[in-house]
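Residue strings, one per chain:
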Amino acid sequence: MENISGSPTKIMLDPTDLDRIASSPLFAGNSQEELSSLLPCLKSRKKTFAKGDWIFRAGSRISEAGLLLSGGAHIERYDYWGNRHIVSAIRPGEVFGESYAASPKSVMNVSVQADEKLSVLFLDMAKAMHMCTSACPFHARLIDNLVSLLAQRNLMLNEKLTYVTQHTLRDKILSYLSAESLRQHSSYFDIPFDRQQLADYLNAERSALSGELARLKKEGVLDYQKNHFRLLVPVSGTE
């Protein structure tokens, strides 16, 4: 299997990139000065992708994780019959592919595709998981953050199970939107999916999803415009 991440290239980061990296949970607790030493240690490199490009493909083996610097992407899986199932969306500052990269003999059973033009910082996971010879404290924090990130990923997948195992499509929609409202601390929020992507994420037909959303809007439960939603029935913990 190929490593489609490619070979390392010289990294060129602008101030916006550095701010995004510093704010990522993977690098929490590290200053930009420490990052200037840590990023070369991780053999980091930046690459730009166009909308529709594959960042990782199912069937590949990878040794690098990606940190999204700009744009949006999603993780998806296709079944034997070619049906697409979206596992999750990826937002700027989030890391993806770390589980597969941390286990380089494993073969990916998901793909990562760009929703729009974006840039990714690739990080060598073998370098991330093993302390450098100087045993620098900021590398130790990186390992702690990585463990926390893997734990959060497990929680995220368990949360998705809550949505897709609801008995009705209506309950799937409301369960997901309620969770997004709570996560974003507002009854007004954007979701990272268009209608087809949301249908694929919730394992539903697009026409059925659109019909159910229209009914919920007519009933006054919610309002929406494209991917912007407003919950009209008060939910504990939202504005």
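Definitions and limits used
- Residues numbered from 1 in each chain as written.
- Predicted model: local features only at pLDDT ≥ 70, side-chain atom pairs only at ≥ 80, totals over all residues.
- Heavy atoms only, no water.
- Helix = DSSP H or I, 4+ residues; strand = E, 2+ residues; numbered from the N terminus.
- Rg over C-alpha atoms; globule rule 2.2 N^0.38 Å.
- Contact = heavy atoms within 4.5 Å.
- Areas by Shrake-Rupley, 256 points an atom, 1.4 Å probe, with all protein chains shown as cover.
- Lys, Arg positive; Asp, Glu negative; His and termini not counted.
- Charge placed at Lys NZ, Arg CZ, Asp CG, Glu CD.
- Pairing = 2+ DSSP bridges.
- Axes fitted to C-alpha atoms, helices over the stretch in contact; angles between N-to-C directions.
- Buried < 20%, exposed > 50% of the residue type's maximum accessible area, 1.4 Å probe, protein only.
- Phe/Tyr/Trp six-rings, centres within 6.5 Å; stacked < 30°, edge-to-face > 60°.
- Lys NZ or Arg CZ within 6 Å of the ring centre and 35° of its normal.
- 1 Å grid on protein atoms, 1.4 Å probe; cavity = no way out; pocket = protein on both sides within 12 Å on 5 of 7 lines; lining within 4 Å.
- Points joined across faces, edges and corners; volume = space filled by probe spheres on them.
- Nonpolar A, V, L, I, M, F, W, Y, C, P; charged D, E, K, R; others polar.

Caption draft 1: Summary view of the overall build of the protein. Assigned secondary structure in the protein consists of 8 helices and 11 strands. A compact globule built from 239 residues would reach a C-alpha radius of gyration of about 18 Å, and the protein, at 19 Å, matches this within 12%. Expressed as lengths along the three principal axes of its C-alpha atoms, the size of the protein is roughly 60 × 40 × 30 Å. A fraction of 72% describes how many contacts in the protein between residues 6 or more apart in sequence connect residues 24 or more apart. Of the roughly 12400 Å² of accessible surface on the protein, 54% is carried by carbon and sulfur atoms. If the 28 positive side-chain charges of the protein are averaged to one point and the 27 negative ones to another, these points end up 3 Å apart.

Caption draft 2: Structural context of the sheet that holds strand S5 (residues 84-90). Strand order in the open sheet formed by 4 strands is S2-S7-S4-S5, and the pairing between neighbours is antiparallel. In the strand order of this sheet, the two ends are held by strand S2 (54-56) and S5, each with one partner. Each adjacent strand pair in this sheet contributes to an overall mean axis angle of 35°, direction not counted.

Caption draft 3: Spatial organisation of the sheet that holds strand S9 (residues 188-190). As summarised here, the arrangement of the 3 strands in space is S9-S11-S10, forming an open sheet in which the pairing is antiparallel. The open sheet is flanked by S9 and strand S10 (222-225), the only strands paired with a single partner. Across the sheet, the mean angle from the axis of one strand to that of its neighbour is 20°, orientation sign disregarded. Sheet analysis places S10 next to strand S11 (residues 228-231), joined by 4 bridges and oriented antiparallel.

Caption draft 4: Representation of the pairing of strand S8 (residues 118-124). Of all 7 residues making up S8, 7 are buried, and the element is well covered by its neighbours. Alternating residues of S8 divide into Leu 118, Val 120, Phe 122 and Asp 124 and Ser 119, Leu 121 and Leu 123, and every residue in both groups is buried. Relative to S8, strand S1 (residues 45-49) runs antiparallel, the two sharing 5 bridges. For Arg 45, the partnering residue across the bridge sits in S8 and is Phe 122.

Caption draft 5: Just the packing of aromatic side chains, in detail. Overall, the coordinates contain 10 aromatic pairs when judged by the stated rule. For the cation-ring pair, Arg 57 lies above Trp 54, with the distance from its terminal atom to the ring centre recorded as 4.3 Å. Its guanidinium or amino end placed over the ring of Tyr 224, Lys 217 lies 4.7 Å from that ring's centre, counting from NZ or CZ.

Caption draft 6: Highlighting the layout of surface pockets. The computed volume of the largest pocket comes to approximately 560 Å³. Arg 91, Glu 94, Met 156, Glu 159 and Arg 183 are the residues nearest the centre of the largest pocket, which is lined by 21 residues in total. Within the residue set of the lining of the largest pocket, elements represented by two or more residues are S5, helix H5 (137-164) and helix H6 (169-184). Of all the elements, H5 adds the most residues to the lining of the largest pocket, at 7 residues. Here the residues of the lining of the largest pocket sort into 11 nonpolar, 3 polar and 7 charged.

Bear in mind that shape data such as this cannot, by itself, settle questions of function.
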